[in-house]
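Observations on the three-dimensional arrangement
Spelled out from the first residue to the last, the chains are:
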Amino acid sequence: MLLIGITGMPGSGKSTIYEVAKKYNLPVVSMGNVVRYETKKRGLELTPENVGNTAINLRKEYGNEAIAVVCLKYIENNLKDKDIIIVEGIRSLYEVNYFRKHYPLVLIAIHSSPLTRFNRLVNRRREDDSTSWEVFVERDLRELNFSIGHAIALSDFVVINESSIENCINQLDNILKEILSNTEKYKKYNFIYEK
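My aim in this report is to walk through the structure given alongside it, one point at a time. Since this is a predicted model, take the numbers as computed values, not measurements.

Turning our eyes to something else, we now look at helix α4 (residues 66-78). With 13 residues, α4 should cover 18 Å at 1.5 Å per step; its first-to-last C-alpha distance of 19 Å lies within 8% of that length. Every buried residue belonging to α4 is among Ala66, Ile67, Ala68, Cys71, Leu72 and Ile75, and all of these are buried. Lining the buried residues of α4 we find β1 (2-7), β2 (28-30), α2 (31-41), α3 (48-62), β3 (84-90) and α5 (93-102).

Once that is clear, we can look at the packing of aromatic side chains. Under the criterion given, the structure shown has 4 aromatic pairs. When the centroid spacing of 5.4 Å and the interplanar angle of 70° are considered together, the rings of phenylalanine 118 and phenylalanine 136 count as edge-to-face. Placement of phenylalanine 118 in helix α6 (residues 114-124) and of phenylalanine 136 in helix α7 (residues 133-145) is noted, with a sequence separation of 18 residues between them. Here phenylalanine 118 falls in the buried class, since its relative accessible area comes to 12%. On the basis of an interplanar angle of 50° and a centroid distance of 6.1 Å, the ring pair of phenylalanine 157 and tyrosine 186 is categorised as tilted. Taken together, the positions of phenylalanine 157 in strand β5 (residues 157-160) and tyrosine 186 in helix α10 (residues 183-186) put the pair 29 residues apart, joining distant regions of the chain. On the accessibility criterion, tyrosine 186 (3% relative accessible area) is buried. The structure contains a cluster of three or more aromatic residues connected by ring pairs, namely Phe118, Trp133 and Phe136.

With respect to topology, 5 strands assemble into an open sheet ordered β2-β3-β1-β4-β5, the strand pairing being parallel. Looking along the sheet, the strands with just one partner apiece sit at the ends: β2 and β5. Averaged over all pairs of adjacent strands, the angle between strand axes in this sheet comes to 20°, irrespective of strand direction. Sheet topology places β1 next to strand β4 (residues 105-111); 5 bridges connect them, and they run parallel. From the neighbouring strand, isoleucine 4 faces β4, where its bridge partner is valine 106. In this fold α5 packs onto β1, β3 and β4, with an angle of close to 155° to the strand it touches most, β4. Of the strands in this sheet, β1, β3, β4 and β5 touch helix α9 (residues 165-181), which is tilted by about 165° from β5.

Quick look at the environment of threonine 39 now. Take threonine 39: it is sitting in helix α2. Between the C-alpha atoms of threonine 39 and glutamate 162, which are 123 residues apart in sequence, the distance is 31 Å. Beyond its immediate sequence surroundings of up to four residues, threonine 39 is in contact with Leu44, Glu45, Leu46, Asn50, Val51 and Thr54. Within the structure, the side chain of threonine 39 is placed 3.1 Å from the side chain of threonine 54, a separation counted as a polar contact.

Taken as a whole and judged by the stated rule, the model has 12 salt bridges. Across the pair glutamate 19 and lysine 22 runs a salt bridge whose closest N-O atoms are separated by 3.5 Å. Of the two residues, glutamate 19 and lysine 22 are both situated in helix α1 (residues 17-23); the distance of 3 residues between them amounts to about one turn of the helix. According to the relative accessible area criterion, lysine 22 is exposed, its value standing at 61%.

It is worth spelling out the pairing of β3 at this point. In regular strands, side chains alternate between the two faces of the sheet. β3 sits mainly inside the fold: 7 of its 7 residues count as buried. Across 6 bridges, β1 lies against β3 in parallel orientation. Directly across from leucine 3, in β3, lies its bridge partner isoleucine 85. As judged from the 3 bridges shared by β2 and β3, these two strands associate in the parallel manner. Of the residues in β3, the one forming a bridge with valine 29 is valine 87.

Counting residues in each nonpolar core, the largest one holds 28 residues, and the members touching the most others are Leu3, Met31, Ile90 and Phe99. Only α2, α3, α4, β3, α5 and β4 provide two or more residues apiece to this core. The element best represented in this core is α4, accounting for 6 residues. In contact with leucine 3, other than residues within four places in its own chain, are Ile75, Ile85, Val87, Phe99, Tyr103, Pro104, Leu105 and Val106. One finds Ile4, Ile108, Val159 and Ile179 within the second-largest nonpolar core, a separate group that totals 21 residues.

What counts and how
- Residues numbered from 1 in each chain as written.
- Predicted model: local features only at pLDDT ≥ 70, side-chain atom pairs only at ≥ 80, totals over all residues.
- Heavy atoms only, no water.
- Helix = DSSP H or I, 4+ residues; strand = E, 2+ residues; numbered from the N terminus.
- Expected span 1.5 Å × (residues − 1).
- Buried < 20%, exposed > 50% of the residue type's maximum accessible area, 1.4 Å probe, protein only.
- Contact = heavy atoms within 4.5 Å.
- Phe/Tyr/Trp six-rings, centres within 6.5 Å; stacked < 30°, edge-to-face > 60°.
- Pairing = 2+ DSSP bridges.
- Axes fitted to C-alpha atoms, helices over the stretch in contact; angles between N-to-C directions.
- Polar contact = N/O pair within 3.5 Å; in protein donor to acceptor, adjacent residues only side chain to side chain.
- Salt bridge = Lys/Arg side-chain N within 4 Å of Asp/Glu carboxyl O.
- Core = buried A, V, L, I, M, F, W, Y, C linked by side-chain atoms within 4.5 Å.

As structure tokens, then:
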């Protein structure tokens, strides 16, 4: 099995991968959905603060790779028959290392500037998004504390997503073509960065 991980700050365009994955009939597992599910399971409303606190608490309870542990269990229980699976929403180097201890993982970062990301979050209006710049900055800092910056910096591919969604889709499509045409090469991707 080969995992293709998608990382990036909130609002960078990570969910664009769903459009491209459909074309190649690849399943996508969302790490963010795991956190939102856990938030609801704990009887909490889906607000930026509650979802953020749930992510922090999960990591306190189960370690820095907590969300990856839950996602991998889901993958192994439900998608065993798939050769390639996309994992959307990797937020830390701990998660990258956890996945790579079990399966090869190719990591794609999607990058957008803070102002572009803030405007996207305001426009998409998901329950756990905020229209406040202050809350946006708090969320960014929380994500950076999870070590998402390390995951982004050590990605194998980078998509710059500052213009149209079509441009982002084209970049992701080209990257997936590269990975799918060289799966044996990428199945050797298990570079673990630990002290």
